[in-house]
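Structural description and commentary
Given next are the chains, with one letter for each unit.
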Amino acid sequence: MRFNKPAYPTVYFSEEIWIKCPKCSKPALVKTELPKYTIPFPRGHESVCNCNHCGFQETNEKNWSGYVQGFINRACGNCGSAISHSTEPTKEPYDTSEITCDICKATREYKIQWYRYRNDKATDPYFGFDLWLQTSIKDNVLWLYNVDHLDYLMEYVNAKLREDDGRHKYSMITNLPQWVKFSKNRDVIIKKLNTLKKDFEKK
Ligand SMILES: [Zn+2]
Ligand SMILES: [Zn+2]
């Protein structure tokens with residue numbers, strides 16, 4: 001099986017994040033609606049956390065002084081091929097980036113969508129709640145924002161052929177720790193991810 005999904009950055013999955021409800025410890029959802037025009041970041045987006053189990057709700061998100069990451073996900077303006085480009089995480093977002101299409105080589109300027117970027121803690125970047133989807137493997141913790149994120153990782157780990165050619169330097173896959181990429185760890189990671197998903201779907 002070949003892994004040839006677009007090179008998404010982790011932030012691509014951050015519009016819906018499952019966290020552990022601070023009141024009842026069940027899964028609650030942090031939903032973020034990104035603005036159409038994001039400059040200046042981070043104004044204009046709206047995040048809300050809702051727990052369907054106990055009714056907990058939070059709308060006052062924490063101020064953000066950390067990194068943001070940009071993502072361009074669209075069709076090439078010249079030939080229509082899919083373009084997915086992640087920027088380097090930065091504290092100073094900018095408006096557009098010049099991207100050269102891999103297929104037709106046309107270079108155009110595209111608008112960047114910015115997201116809060118966090119990779120140091122298994123918490124959501126808006127409220128700082130603990131992520132619900134996390135599992136320890138040996139001494140490491142693997143965390144995911146939502147089930148699409150989990151499925152994406154699972155497909156990558158499962159694949160024997162991985163297209164990871166280094167062009168997408170800031171994608172989620174490129175930034176995975178090495179132990180996730182070792183084929184000797186494949187079975188244990190898949191098992192853990194399956195358990196995590198089943199457990200989540202029961203809640
Ligand atoms: Zn709750
Ligand atoms: Zn093109």
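Residues numbered from 1 in each chain as written. Chains lettered and ligands numbered in written order. Predicted model: local features only at pLDDT ≥ 70, side-chain atom pairs only at ≥ 80, totals over all residues. Heavy atoms only, no water.

**As for the coordination of the zinc ion (ligand 1)**
The condition is simple: For Na, K and Ca the donor cut-off is 3.2 Å, and for all other metals it is 2.8 Å, counting N, O and S atoms only; because water is absent from this set, sites may look incomplete.
At 2.3 Å from the zinc ion (ligand 1) lie its protein donor atoms, namely Cys21 (SG), Cys24 (SG), Cys51 (SG) and Cys54 (SG). Site description for the zinc ion (ligand 1): donor spacing in sequence, C-x2-C-x26-C-x2-C.

**Section: the packing of helix H1 (residues 147–158) against helix H3 (residues 186–202)**
Spelled out, the test is: Helix axes are fitted only over the stretch in contact, all axes being lines through C-alpha atoms; the angle between N-to-C directions runs from 0 to 180 degrees. Going along the chain from the N terminus, every DSSP run of H or I of four or more residues is numbered as a helix, and every run of E of two or more is numbered as a strand. We call two directions roughly parallel when the angle between them is under 35 degrees, roughly antiparallel when it is over 145, roughly perpendicular when it lies between 65 and 115, and oblique otherwise. The sense of a crossing depends on the near helix, which, turned anticlockwise from the far helix by less than a right angle, makes the crossing left-handed and, turned clockwise, makes it right-handed. Note on contacts: a residue pair qualifies if any of its non-hydrogen atoms lie within 4.5 Å across the two residues. Classification convention: Asp, Glu, Lys, Arg as charged; Ala, Val, Leu, Ile, Met, Phe, Trp, Tyr, Cys, Pro as nonpolar; all other residues, Gly among them, as polar.
Running from amino to carboxyl end, H1 crosses H3 at an angle of 160°, the nearest separation of the two axes being 10 Å. For the element pair H1 / H3, the angle class is roughly antiparallel. Helix-helix and strand crossings are classified by hand; for H1 and H3 the assignment is left-handed. Contacts between H1 and H3 pair Val147, Leu150, Asp151, Leu153, Met154, Val157 and Asn158 from the former with Arg186, Ile189, Ile190, Leu193, Asn194, Leu196, Lys197 and Phe200 from the latter. Tallied by class, the residues present in the contact of H1 with H3 amount to 10 nonpolar, 2 polar and 3 charged.

**Some points on the nonpolar core**
Generally speaking, soluble globular proteins have nonpolar side chains that are buried together. How we decide: Among buried residues, the Ala, Val, Leu, Ile, Met, Phe, Trp, Tyr and Cys ones that are joined through side-chain atoms within 4.5 Å form a nonpolar core. Relative accessible area decides the class of each residue, using a 1.4 Å probe on protein chains only: under 20% of the type maximum gives buried, over 50% gives exposed, and in between gives partly exposed.
Within the largest apolar cluster, 46 residues are counted, with the highest numbers of intra-cluster contacts made by Ile19, Cys49, Leu142, Leu153, Val180, Ile189 and Leu193. Within the residue set of this core, elements represented by two or more residues are strand E2 (16–20), strand E3 (27–33), strand E11 (133–137), strand E12 (140–144), H1, helix H2 (178–181) and H3. Looking at this core element by element, the count peaks at 7 residues for H1. Every residue in contact with cysteine 49, bar those within four places of it in the chain, is listed here: Ile19, Ala28, Leu29, Val30, Phe56, Gln57, Glu58, Phe127 and Phe129. Formed by 9 residues, the second largest nonpolar core is a distinct cluster that contains Cys76, Ile83, Ile99 and Trp114.

Without other data, these values stay purely geometric and don't point to any function.
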